Every structure is written in structure tokens, then in C-alpha cells.
Amino acid sequence: MDTIKERLQIEGQLTNVKEPLGSSTRALRVIIKREGLRGLFPAYWIHQFTWMPFNGCYFAVYEWARSWSQAQGFPTWWTGLLAGVIAGGLTNPMDVIKTRLQVVRAQPDVFQYRGVLDCAASIIRMEGARALLDGAGARILLLTPRLTMAIALKHHIQAELAA
């Protein structure tokens, strides 16, 4: 679904679109028709290597900050926020590369990447290293509240079940 979402997000910027994607269901049909089922997973491994470190970093920071906060007698509500900001920021470069690789087949003459390392090198060469942080603020603002609320709900449910 991530590939479909990102193809739809860039469609308006593409030139020479032969078959407009239009909707998610149409995009699914067009991608499978043009590229086969593999077209839905063009950046599968980098996708995994984006979220595995994110989750590891998030929960490591969260658990450390929560333990520290409890030991100091402080409230723990802020620990999910801290974890989201750190994990989201640190893994943003991988997310940028993943996104570029997911849309490469949409218009190969615009997105000319031959893999993860080529994509990273091209971004740095053509746009500068700061381009790997493109969208970091938005990513942090999307992920942090969602995870903070999910963790808070988890702790609330655990406390209710234990009572």
C-alpha cells in the first residue's frame, strides 16, 4: 500500500503519464498490469531497514526515558514524545531513500536510481546531504503523536487489567 500511496502522491508531477492512476484501486490494477506483483514491492528491503531501526530506536529511547523519569519521580508522558523525535529524525534518511525507490518505476527518466547506494549517492551529489532530511519535521509530527497515544493507551489498558 505504501507504494500505491507514494505513486499517487507524485502523479501530478510526472510528465507523459500514459495511464493515470486516479484512485488507489485503479493504481493497484495499473501497477500490477505494468510491473507485475513485484511492482508493489520495489523497495521492500529498504522499507524493512527503515522501520526496524525506527522501532528499535523508539522503544530503546522510550524505555530508557521512562525508567529514568520514574526513578526521578517525574511524570512519564513526555517519554514517547522524546522517543518519537529521536527515532523519526535518525531514520529519516532511510525513509527518503525508500520513498525515492518506491516511485522510481513511475517515471524512470525522472527517477534514475539503480539501488539503495546509488539513490543515496545521487541525492547527496545532486541535492546535498541535507536532502536526506527532507520531510523530517513532517515525519516526526506524524509518527510521534500516534505512537505516544498508542503507548499511553497500552499502559492505561495494562493498568486497568491489573486492577
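Residues numbered from 1 in each chain as written. Predicted model: local features only at pLDDT ≥ 70, side-chain atom pairs only at ≥ 80, totals over all residues. Heavy atoms only, no water.

S.K.: Please clarify how helix 5 (residues 116-127) should be interpreted in this entry.
M.R.: Across its 12 residues, helix 5 extends 16 Å between first and last C-alpha, which sits within 8% of the 16 Å expected from 1.5 Å per residue. Considered for burial, the residues of helix 5 that qualify are Asp118, Cys119, Ala120, Ser122 and Ile123. Considering only its buried residues, helix 5 is in contact with helix 4 (79-103). (Helix = DSSP H or I, 4+ residues; strand = E, 2+ residues; numbered from the N terminus. Expected span 1.5 Å × (residues − 1). Buried < 20%, exposed > 50% of the residue type's maximum accessible area, 1.4 Å probe, protein only. Contact = heavy atoms within 4.5 Å.)

S.K.: What is the right way to read the layout of surface pockets from this model?
M.R.: One simple way to see leftover space: roll a probe sized like a water molecule over the atoms. As a volume, the largest pocket reaches approximately 560 Å³. As for the largest pocket, its lining consists of 23 residues, of which Lys5, Glu6, Asp95, Lys98 and Thr99 are closest to the centre. Mapped onto the lining of the largest pocket, the elements with two or more residues apiece are helix 1 (2-10), helix 3 (44-72), helix 4 and helix 6 (136-162). The leading source of residues in the lining of the largest pocket is helix 4, at 7 residues. For the lining of the largest pocket, the residue count by class is 8 nonpolar, 6 polar and 9 charged. (1 Å grid on protein atoms, 1.4 Å probe; cavity = no way out; pocket = protein on both sides within 12 Å on 5 of 7 lines; lining within 4 Å. Points joined across faces, edges and corners; volume = space filled by probe spheres on them. Nonpolar A, V, L, I, M, F, W, Y, C, P; charged D, E, K, R; others polar.)

S.K.: Would you mind showing me how to read the packing of aromatic side chains here?
M.R.: A ring pair, where both rings are aromatic, is described by two values, the distance of the centres and the angle of the planes. Applying the stated criterion across every chain, the model contains 9 aromatic pairs. Taking the centre distance of 4.9 Å and the plane angle of 85° together, the rings of Tyr44 and Trp45 count as edge-to-face. Accessibility expressed as a relative area gives 60% for Trp45, which makes it exposed. Ring plane angle 80° and centroid distance 6.4 Å describe the contact between Trp68 and Trp78, whose orientation is recorded as edge-to-face. Taken together, the residues Trp68 in helix 3 and Trp78 in the loop between helix 3 and helix 4 connect sequence positions 10 residues apart. Its relative accessible area of 38% is what places Trp68 among the partly exposed residues. Joined through ring pairs, the aromatic side chains of Trp51, Phe54, Tyr58, Phe59 and Tyr62 make up one cluster. Note that Arg139 overlies the ring of Trp51, its terminal NZ or CZ placed 5.1 Å from the centroid. (Phe/Tyr/Trp six-rings, centres within 6.5 Å; stacked < 30°, edge-to-face > 60°. Lys NZ or Arg CZ within 6 Å of the ring centre and 35° of its normal.)

S.K.: Explain a nonpolar patch on the surface to me, please; I cannot follow it from the model alone.
M.R.: Where nonpolar side chains cluster on the molecular surface, the patch consists of Phe41, Tyr44, Trp45, Phe49 and Met52 and spans about 610 Å² of accessible area. Positionally, Met52 belongs in helix 3. Since its relative accessible area comes to 46%, Met52 is described here as partly exposed. (Patch = residues over 30% accessible without salt bridge, like charges linked within 9 Å, V, L, I, M, F, W, Y side chains within 5 Å. Areas by Shrake-Rupley, 256 points an atom, 1.4 Å probe, with all protein chains shown as cover. Salt bridge = Lys/Arg side-chain N within 4 Å of Asp/Glu carboxyl O.)

S.K.: Explain helix 6 here, please?
M.R.: An α-helix turns once per 3.6 residues; consequently, residues spaced three or four apart project the same way. With 27 residues, helix 6 should cover 39 Å at 1.5 Å per step; its first-to-last C-alpha distance of 38 Å lies within 8% of that length. Where helix 6 is concerned, the buried positions are Ala136, Arg139, Ile140, Leu143, Thr144, Leu147, Thr148, Ile151 and His155. Packing partners of the buried residues in helix 6 comprise helix 3 and helix 4.

S.K.: How should I be thinking about the pattern of salt bridges in this particular structure?
M.R.: Between side chains of opposite charge, a pair can form when the charged atoms approach closely. All chains considered together, the criterion is met by 6 salt bridges. Lys98 is the salt-bridge partner of Asp95, the closest N and O atoms lying 3.5 Å from each other. Within this pair, Asp95 and its partner Lys98 are both found in helix 4, separated by 3 residues, close to a single helical turn. Judged by its relative accessible area of 15%, Asp95 is buried. Its relative accessible area of 2% is what places Lys98 among the buried residues. Of the charged contacts, one joins Arg139 and Asp95 as a salt bridge, the two residues approaching to 3.3 Å between their closest N and O atoms. With Arg139 in helix 6 and Asp95 in helix 4, this pair connects stretches of sequence that are 44 residues apart.

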